[in-house]
Amino acid sequence: MLERRVVITGMGALTPVGNSVEEFWASLVAGKGGVGLITRFDASNHASKIAAELKGFDISNYIDPREARRMDPFVQYAVAAAKMAMESSGLQVTPENAARVGVLVGSGIGGVHTWETQHKTLVEKGPGRVSPFFVPMLIANMGSGQISIMFGAKGPNTTVVTACTTGTNAIGDAYEVIVRGDADAMIAGGAEAAICPLSCAGFCNAQAFSTRNDEPEKASRPFDEQRDGFVIGEGAGILVLEEMEHAKARGAKIHAEIIGYGMSGDAYHMTAPDPTGNGAARCIKAALDSAGIKPEDVSYINAHGTSTELNDKLETMAIKAVFGDYAYKVPVSSTKSMTGHLLGAAGAIEAIACVKALEEGIIPPTINYEFPDPNCDLDYVPNVARKADLEIAISNSFGFGGHNATIVLKKA
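To start, this report covers the structure provided alongside it. This is a predicted model, so every value here is computed, not measured. Residue numbers here run from 1 along each chain, matching the order of that chain's written sequence. It should be noted that, the model being predicted, local features are given only for residues of pLDDT at least 70 and side-chain atom pairs only at 80 or more, the latter also being counted only at that level, while totals for whole chains, interfaces and linings use all residues. For the side-chain quantities, the full set of heavy atoms in the structure was used; hydrogens and water were omitted.

### Thoughts on the pairing of strand E14 (residues 403-411)
Relative to E14, strand E8 (residues 256-265) runs antiparallel, the two sharing nine bridges. Looking at the pairing, glycine 260 lines up with valine 408 of E14. Pairing between two strands is assigned when DSSP locates at least 2 bridges connecting them. Starting at the N terminus, helices and strands are each numbered in turn, a helix being any DSSP run of H or I of at least four residues and a strand any DSSP run of E of at least two. Pairing geometry for strand E13 (residues 392-399) and E14, over eight bridges, is antiparallel. For serine 397, the partnering residue across the bridge sits in E14 and is alanine 405. Taken together, E13 and the strand that follows it, E14, pair antiparallel across an intervening segment of three residues, in which glycine 401 is found at a positive phi of about 95°.

Put into structure tokens, the structure is as follows:
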């Protein structure tokens, strides 16, 4: 059987720095941050009062608001981004090809907003007032389910839930579905809507969040010595993946090619990463091996870069372990410095950032980088975007539970 190559033909993004791929990318290049004080709820009693919220999102621009009432916000974000991605790809799902078009969209947390609001209804008004749509609104697979229904995609339809690695695993797994011949096109990515009192309280009490409440716009500062935790974000990133010949046959614009995918498990701790960085290093190496490339072939690394003390140090160690001396030459940046951490959607919007970087020849910066950390001594593209001739980019994601994933993208 001929090798099946996988390309990206469509993208859709809802992010704290823009509600389209174009707005998102323009903000990244400009070094524009989307972090501020929480407006979703009264956070006065929370230790951290900071988030990267969506601004100006109106679901009625994408679907009938009556349908949207039966969807948790994370599902609304997923279907909106999917609609953008499908429109940009020009892919039409027809009765003839429906069984060859699949969906693989994940969420790290799922419908926590629905959990919270419906539990309040249960306590205050009784079980008879809980929505009959409670369960289908909150379950994490419903992003994939609703997208499949919206477009009539009848191919492989599944979901990934791997915490902050979800978006990257979703894209990587969808890539493998196409490579093995189970579909010709996949709608893939991640969505998250967890800025609500319950989840924020949990992260606060786990001491995972930044508490730089007096300077929220500077709270997300990956690799900076004064980093003190991550900033939660919300939104969705969806990509349309196609088998290359399938895309060419319909005259689709090809934005980039996916050429490798790697995964590993830390088997260490439920929230903390392996302190040796070994799990992340094995994941990155597996992705490079999958792509059949050497470390020196990589032009840019979009880091997981969460702005937490351990993650940034250990990701730096992992990059050094795999790349050797070349680690000091390859540019590394964390776009979470601008978007915050979108949890299950992070890997998806960061994959889009990599695609745009390859297309435009621009590396997005790591903003808020002011105080170098001796433990983090690579080229983090500080504060200002950089023009560069890019051929291959990798995107890292690491999550609670010890999940690690890396995808390798090549310029079209």
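Now that the structure has been shown, we can carry on.
### Thoughts on the nonpolar core
We define a nonpolar core as any set of buried Ala, Val, Leu, Ile, Met, Phe, Trp, Tyr and Cys residues linked to one another through side-chain atoms lying within 4.5 Å. Summary of the burial criterion: residues with accessible area below 20% of their type's maximum are buried, those above 50% are exposed, and those between are partly exposed, where the area comes from a 1.4 Å probe applied to protein chains only. Ranked by size, the top nonpolar core spans 48 residues in total, and within it Ile8, Phe24, Ile171, Leu239, Leu241 and Leu409 carry the most contacts. Examining the composition of this core, we find that ten residues originate from one element, helix H13 (residues 346-360), more than from any other. Ignoring anything within four residues of it in the chain, the contact list for isoleucine 8 reads Leu239, Val240, Leu241, Lys253, Ile254, His255, Ala256, Ile258, Val355 and Leu409. Residue contacts follow a heavy-atom distance rule, with two residues in contact if any of their heavy atoms lie within 4.5 Å.

### Considering helix H8 (residues 197-205)
Counting along an α-helix, one turn takes 3.6 residues, and residues three or four places apart therefore face a common direction. Those residues of H8 lying buried are Ser199, Cys200, Phe203 and Cys204. End-on, the buried residues of H8 take up no more than an arc of 135°, which puts them together on one face. Exposed positions of H8 whose direction lies more than 90 degrees from the buried face are Leu198 and Asn205. Buried-residue contacts for H8 involve helix H4 (112-125). The arc refers to the directions leading from the helix axis to the C-beta atoms.

### Notes on the sheet that holds E14
Reading across from one edge, E5-E4-E6-E7-E1-E8-E14-E13-E9-E10 is the order of the ten strands in this open sheet, with mixed pairing throughout. Both outer strands of the open sheet, strand E5 (157-158) and strand E10 (332-333), are each paired with one neighbouring strand and no more. Pairing geometry for strand E1 (residues 6-14) and E8, over three bridges, is antiparallel. Bridging from a neighbouring strand, valine 6 pairs with isoleucine 258 of E8. Contacts from helix H11 (residues 309-323) reach strand E9 (300-302), E10 and E13 within the one sheet, and its direction differs from that of E13 by about 135°. Axis definition: a line fitted to C-alpha atoms, limited for helices to the stretch in contact. Angles are taken between N-to-C directions and run from 0 to 180 degrees.

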